[in-house]
Amino acid sequence: MKLATHYLQQIENVDIFPIISLFIFMTLFVLVVIRAVTADKKFIEDAKKMPLSND
Amino acid sequence: MEQQTFYYDNKIVKLFAYATILWGVVGLLVGLIAALQLAFPIFNFNLSYVTFGRIRPIHTNAIIFAFVGNAIFTGAYYSIQRLLKARMFNDFLSKFNFWGWQFIIVSAAVTFALGYTTGKEYAELEWPIDLMVALVWVAFGVNMIGTIIKRREQHIYVAIWFYLASFLAVAILHVVNSIEIPVHFMKSYIVYAGVQDAVVQWWYGHNAVAFFLTTPYLGLMYYFLPKAANRPVYSYRLSIVHFWALIFIYMWAGPHHLLYQALPDWAQSLGVTFSVMLIAPSWGGMVNGLMTLRGAWDKVRDSAILKFMVVAVTGYGMSTFEGPLLSLKNVNALSHFTDWTIAHVHIGGLAWNGFLAFGMLYWLIPKLFRTKLYSDKQANIHFWLGTLGILFYAVPLYWAAFTQTLMWKEFTAEGILAYPNFMETVTQLIPMYITRVLGGTLYFTGAILMVYNLIKTIQSGSIEENEEAHAPALAETSKLRLAGETIHRWLERKPVQFTIWIAIAVIVGGAVEIIPMMMIKSNVPTIESVKPYTPLELEGRDIYVREGCYTCHSQMVRPFRSETERYGEYSKVGEFVYDHPYQWGSRRMGPDLARSGVVTGKMYKTDSWHFNHMLDPRKMVKNSMMPAYPWLIKDDLSTDYTAKKISVMQTLGVPYPEGYAEKAVDDLKKQAETIAAGLKANGIDVSPSKEIIALIAYIQRLGVDITKQAGEVKAETEEVVIDFTPLTDAESVTAGEAVYVKNCVACHGAAGNIDGTGLVGPALFDTIYIHGNTPNDVFKVTSEGVPAKGMQAWKHLLPKKELDQVVSFVLNYKK
């Protein structure tokens, strides 16, 4: 724990952390939305029925 | 393709279902006892094992980890096998998961009752049980991932993504929040101190709600709701988006539990922002659940199972809307430390977790036992009892929360607290607490009805423990991406890579929140005057943790005028650097104790007051709901581990001098003798070796380090000039009596009392006053107080008019 603390203390402007993270999240979110929207229709229909198809 | 024959393991599902039912009943019953204790303190039975401070963690852990935990395993073990068309990976792991989990539950209940706790909410288990939890949890994960790898279905359905995310996140949370150094077999100190501990704890606490009570349940919803409604989920695309958004954002929102508390601003803002963003993915889940029933709402009328599920999903939507609302700083200023939080979690717990589990059991048990539900009518009655129970539970608690927070914050026209006596704000809540017991009883009765109904169902059918099934083997596909295959789809059929991506999403948020906290220098400014606890205070602190005092008392004065007026100087980050664990608390059933040791402060009480109060709280504070703690006075303090505790603290960086551990017990005894001698001078004969002495030492230490010396304050009050003539009109004297009864009785005895024995303050109705007999003398001592002895400066607590009246009442009383 001390080892990590020591090096982290050297970082200036720690508040950049949340901003970077927000950016990472937005990027990921946009990618996921694009993937979901462009997903193959047949695949989506098949996946949807999975809980019902077997027993 | 060749058809393969395999067998679903139904026996493990059955076992988990039985455990869900059993622990559900137990957890609800313990909750009912806790509710009774708050309405009627007699239900604490003066018995250490069942006081509220120990019952409350038993209740919360029983509901979260025993009832909901077993419900998750029930649903997961049933749906994983069917969605992947494979038996569970390993039968031994399944059994180990089941029996290990039940063993943990029993150990938890026993150790909590015995007072073994780490004092961190929802993570109270001591280190040997923590290790066991980690082991069993990993067994579950390996079993699940193993099944995914040997599956006979190409695509991994969204329910399983949720189970995977839950497994990974809970594993990480549990490990990070349980890094502790053992003192002995059943005692350890957490490595984090003060504000760091608080951030780690609420990062854990918040995400325990997220990844134990929410994501696995969304998995259950995505499987059992389509099953019960017999139609596919509304939008699979929406489920993809809301899955990734939910698991990514949840991890960041933890600091919203610590708003306006001693936490750096950037962390608070981060918590608020991400909490508000959470509404979107949460409602994505709710919309997907409810819309699955579009065009089929007529089915809901006939099916108790769907009724349970609809209310569950609606409850999920309500509490995930309320959660972000409570995370706004202006709402949180009002809601925090009140019953609002309790009401909020019970909407989630009773509706979302409880009702979804009930709905699932009503669907699953007849299915497993190849029969029909014994009585649909009883299931419907259960539904209505449960729904009414939720309303009778939640509505009074919201009412209680608004009442209390407004009373705490109300000031009179003169600018002093309208309700300076904390007890007044609690007494108001008792009728609401009685109604809550009614709500809990209704809900509990419904659950009992379900047990009967399910037992009858089980008796009428028979289970096939290894159910035969057929499916073609999974075709070998290239490990590489196929032409035309999207990245997400490719990932989904690669379980290991998929798992790693989920882990990354979960870790990023946690890291962003916690790593900067470790940078003590910029985020935790140290305060020169804050010193480590003495050995006696440390032992007293461990008693405070053992008895679960933090379940009702906070140690965190927020920077509001209403709080600094009531409790004293607001809390600073640097005050808590030696607190392993932190004890800020989350609910004020009793007043804040952060400044209880400040002799000149508003919260100060003498040693003898504390002694009598622990023995019988209602003797000192009329209507108090606090349990009595007679065993603290009877039991000897064990000093067997004092030296070890000091050296563990040294390992954690608490600056005791080198070699202090050996001298610790001597110092402890010296301090204990001083306190016992002080009590003796006040007519209380108690051996210095008793536990109560340590607890008093700890309480009297709180807030002392950062407060200026008593002498400095005294100097200011010397010069006050008093010009007081007693009022004599009957109206004022009667009004004065009312003021006396409300504020003075606790320390000075009933009106007319002339015998000072057993009282905290001197009797006031004899003829001699310690600080002078003239009206001016009596008025001055009342108005300015005698800080050294614990008499408050009542000019800060009562309007001038009432002050005049009460002094007049005392002086006019026929002696």
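Please read these numbers as outputs of a predicted model, since none were measured by experiment.

> Is there a simple way to explain the overall build of chain B in this structure?
A tally of helices and strands in chain B yields 32 helices and 4 strands. Relative to a compact globule of 815 residues, whose C-alpha radius of gyration would be 28 Å, chain B shows 29 Å and is just as compact. The buried share among the 815 residues of chain B stands at 62%. Across chain B, every contact between residues at least 6 apart in sequence was considered, and the portion connecting residues at least 24 apart equals 80%. Of the roughly 30,600 Å² of accessible surface on chain B, 64% is carried by carbon and sulfur atoms.

> What is the right way to look at the overall build of chain A in this model?
Regarding its fold elements, chain A presents 4 helices and 0 strands. Listing every helix and strand of chain A by position from the N terminus yields α-α-α-α. In chain A, which comprises 55 residues, the share counted as buried stands at 31%. Split by element, the accessible area of chain A, about 3,800 Å² in all, is 69% carbon and sulfur.

> Is there a simple way to think about the packing of helix 1 (residues 10–39) of chain B against helix 13 (residues 339–368) of chain B in this case?
Residues and elements named next belong to chain B. Their axes nearest at 11 Å, the elements helix 1 and helix 13 cross at an angle of 140 degrees. Between helix 1 and helix 13, the interaxial angle falls into the category oblique. Considering only the axes of helix 1 and helix 13, their crossing is left-handed. On helix 13, the residues touching N10, V13, K14, A17, T20 and I21 of helix 1 are L361, L364, I365 and L368. Per-class residue counts for the contact of helix 1 with helix 13 are 7 nonpolar, 2 polar and 1 charged.

> Can you help me understand the domain arrangement of chain B in this one?
When the parts of a complex come together, some accessible area is lost, and that lost area is often taken as the interface size. All names here are of chain B. Domain boundaries assigned for chain B yield domain 1 (3–479 + 502–515), domain 2 (535–707) and domain 3 (717–812). Once you take the C-alpha centre of each, domain 1 and domain 2 turn out to be 34 Å apart. With 65 residues of domain 1 at the contact, the number on the domain 2 side is 56 residues. Note on domain 1 versus domain 2: buried area summed over both sides is about 5,000 Å², and carbon and sulfur give 64% of it. Taken together, the connections running from domain 1 to domain 2 amount to 3 salt bridges. Its salt-bridge partner being D339, residue R587 comes within 3.1 Å of it at the nearest N-O pair. The interface formed by domain 1 and domain 2 holds 23 residue pairs in polar contact (both at pLDDT 80 or more) in total. Examining the composition of the side of domain 1 that touches domain 2, we find that 6 residues originate from one element, helix 6 (residues 194–229), more than from any other. Tallied by class, residues from the side of domain 1 that touches domain 2 come to 36 nonpolar, 20 polar and 9 charged.

> In this structure, what is going on with the confidence of the model for chain B? I would like to understand it.
Where the model shows low pLDDT, its predicted coordinates should not be examined in detail. Across chain B, the average pLDDT comes to 90, with 94% of residues at 70 or higher. Within the model, pLDDT remains below 50 along residues 709–717 of chain B, and this stretch shows 7 contacts once partners closer than five positions in the same chain are excluded.

> Would you mind showing me how to read the side chain of T117(B) here?
Residues and elements named next belong to chain B. Secondary-structure assignment places T117 in the loop between helix 3 (91–113) and helix 4 (127–149). For T117, the side chain forms a polar contact with the main-chain nitrogen of G119, separated by 2.9 Å. Sequence-distant contacts of T117, that is, excluding residues within four places in its chain, are made with E124, E126, V545, R546 and Y550.

> Quick question: what am I supposed to make of the pattern of salt bridges here?
Between side chains of opposite charge, a pair can form as their charged atoms come close. The final tally for this structure, using the stated rule, is 30 salt bridges over all chains. A salt bridge links D46(A) to K42(A); the nearest nitrogen and oxygen atoms lie 2.9 Å apart. With D46(A) and K42(A) both in helix 3 (residues 41–48) and 4 residues apart, this pair spans about one turn of that helix. Classification of D46(A) as partly exposed rests on a relative accessible area of 41%. The residue E547(B) makes a salt bridge to R546(B) at a minimum N-O spacing of 2.9 Å. A network of salt bridges, in which partner residues are shared, links R54(B), R546(B), E547(B) and E691(B).

> How do you make sense of the pairing of strand 2 (residues 180–184) of chain B when you look at a structure like this?
Remember that side chains alternate between the two faces of the sheet whenever the strand is regular. Residues and elements named next belong to chain B. Alignment of strand 2 against strand 3 (residues 187–190), held across 4 bridges, turns out to be antiparallel. Along strand 3, the bridge assignment pairs H184 with K187. What sits between the antiparallel neighbours strand 2 and strand 3 is a turn of 2 residues.

> Help me understand helix 7 (residues 236–250) of chain B, please; the structure alone is not making it clear to me.
Each turn of an α-helix holds 3.6 residues, which means side chains three or four residues apart point in the same direction. Along its 15 residues, helix 7 of chain B runs 21 Å from first to last C-alpha, staying within 8% of the 21 Å computed at 1.5 Å per residue. By the N-cap criterion, in which a side-chain oxygen at the helix start approaches the backbone nitrogen of a residue two or three places on, helix 7 of chain B is capped by S235(B), the distance to R237(B) being 3.4 Å.

> So what exactly am I meant to see when it comes to the nonpolar core here?
A general trend in soluble globular proteins is that nonpolar side chains are found buried together. Residues and elements named next belong to chain B. In terms of nonpolar packing, the biggest core is built from 202 residues, with W101, F211, W244 and I502 touching the most fellow members. Looking at which element gives the most residues to this core, the answer is helix 6, with 21 residues. When residues are assigned to domains, this core turns out to be shared by domain 1 (3–479 + 502–515) and domain 2 (535–707), each giving three or more. Setting aside its immediate chain neighbours within four residues, F211 contacts A165, S166, A169, V170, L173, P216, I247, Y250, M251 and V506. One finds L536, C549, A664 and I693 within the second-largest nonpolar core, a separate group that totals 45 residues.

> Just to check I follow, could you spell out helix 25 (residues 642–651) of chain B for this structure?
Residue and element names in this part refer to chain B. Listed as buried for helix 25 are T642, K645, I646, V648 and M649. Take helix 25 and look down its axis: the buried residues cluster within an arc of 160 degrees, on one side only. G653 sits one or two residues past helix 25 and shows a positive phi near 100 degrees.

> How do you make sense of the packing of aromatic side chains when you look at a structure like this?
Ring pairs (aromatic) are described by centroid distance and by the angle formed between their planes. Residue and element names in this part refer to chain B. A full pass over the atoms with the stated rule returns 64 aromatic pairs over all chains. Here the aromatic rings of W244 and F498 are separated by 5.9 Å at their centres, their planes lie at 90 degrees, and the arrangement is edge-to-face. Taken as a pair, W244 in helix 7 and F498 in helix 18 (residues 495–514) lie far apart in primary sequence, 254 residues in all. For the pair formed by W244 and F498, the shared burial category is buried. Ring pairs connect the aromatic residues F16, F65, F73, Y77, F98, W99, W101, W137, F140, F167 and F212, which therefore count as one cluster.

> Looking at this structure, I do not really get the side chain of K690(B). What am I missing?
All names here are of chain B. Mapped onto the secondary structure, K690 falls in the loop between helix 26 (660–681) and helix 27 (691–699). Polar contacts involving the side chain of K690 include one to the main-chain carbonyl oxygen of K634, which spans 3.1 Å. Once residues within four sequence positions are removed from consideration, K690 is found in contact with L632, I633, K634, D635, D636 and L637.

> Mind showing me how you'd approach the environment of W137(B) here?
Residues and elements named next belong to chain B. Positionally, W137 belongs in helix 4. The exposure class of W137 is buried, given its relative accessible area of 6%. Separated by 41 residues in sequence, W137 and F96 have C-alpha atoms that sit 10.0 Å apart. Setting aside residues no more than four positions away along its own chain, W137 makes contact with F73, W101, S166, F167, V170, A171 and F212.

> How should I be thinking about the packing of helix 4 of chain B against helix 5 (residues 158–177) of chain B in this particular structure?
Two packed helices can be described by the angle between their axes and the distance between those axes. Residues and elements named next belong to chain B. Direction vectors running N to C along helix 4 and helix 5 enclose 155 degrees, while the axes themselves pass 10 Å from each other. As far as their axial angle goes, helix 5 and helix 4 are roughly antiparallel. Relative to helix 5, the crossing made by helix 4 is left-handed. Here D130, V133, A134, W137, V138, F140, G141, M144, I145 and I148 of helix 4 come into contact with helix 5, specifically with I160, Y163, L164, S166, F167, V170, A171 and H174. Split by residue class, the contact of helix 4 with helix 5 holds 14 nonpolar, 3 polar and 1 charged.

> What am I meant to see in a nonpolar patch on the surface here?
A cluster of nonpolar side chains, namely F45(B), L47(B), Y49(B), V106(B), V110(B), L114(B) and Y116(B), defines an oily patch on the protein surface of about 640 Å² accessible area. With respect to the element layout, Y49(B) can be found in the loop between helix 1 and helix 2 (52–84).

> Got a minute to help me understand the state of the cysteines in this structure?
Two cysteines whose sulfur atoms are joined by a covalent bond form what is called a disulfide. Overall, the coordinates contain 0 disulfides over all chains when judged by the stated rule. Between C552(B), a free cysteine, and C549(B), which holds the nearest cysteine sulfur, the sulfur-to-sulfur gap is 8.7 Å.

> Explanation requested: unusual backbone geometry in the structure shown.
All names here are of chain B. Cis geometry marks the peptide bond from H580 to P581; its omega dihedral reads -5 degrees. Turning to its location among the elements, P581 is positioned in the loop between helix 21 (561–567) and helix 22 (607–615). The backbone phi angle of F45 is positive, close to 55 degrees, even though this residue is not glycine. With respect to the helices and strands, the residue F45 is situated in the loop between helix 1 and helix 2. Judged by its relative accessible area of 52%, F45 falls in the exposed class.

Calculation rules
Residues numbered from 1 in each chain as written. Chains lettered and ligands numbered in written order. Predicted model: local features only at pLDDT ≥ 70, side-chain atom pairs only at ≥ 80, totals over all residues. Heavy atoms only, no water. Helix = DSSP H or I, 4+ residues; strand = E, 2+ residues; numbered from the N terminus. Rg over C-alpha atoms; globule rule 2.2 N^0.38 Å. Buried < 20%, exposed > 50% of the residue type's maximum accessible area, 1.4 Å probe, protein only. Contact = heavy atoms within 4.5 Å. Areas by Shrake-Rupley, 256 points an atom, 1.4 Å probe, with all protein chains shown as cover. Axes fitted to C-alpha atoms, helices over the stretch in contact; angles between N-to-C directions. Parallel < 35°, antiparallel > 145°, perpendicular 65-115°, else oblique. Left-handed = near helix turned anticlockwise from the far one by under 90°. Nonpolar A, V, L, I, M, F, W, Y, C, P; charged D, E, K, R; others polar. Domains from an automatic or database assignment. Buried area = accessible area lost by both parts, 1.4 Å probe. Salt bridge = Lys/Arg side-chain N within 4 Å of Asp/Glu carboxyl O. Polar contact = N/O pair within 3.5 Å; in protein donor to acceptor, adjacent residues only side chain to side chain. pLDDT = per-residue confidence, 0-100. Pairing = 2+ DSSP bridges. Expected span 1.5 Å × (residues − 1). Core = buried A, V, L, I, M, F, W, Y, C linked by side-chain atoms within 4.5 Å. Arc of directions from axis to C-beta. Phe/Tyr/Trp six-rings, centres within 6.5 Å; stacked < 30°, edge-to-face > 60°. Patch = residues over 30% accessible without salt bridge, like charges linked within 9 Å, V, L, I, M, F, W, Y side chains within 5 Å. Disulfide = S-S within 2.5 Å.

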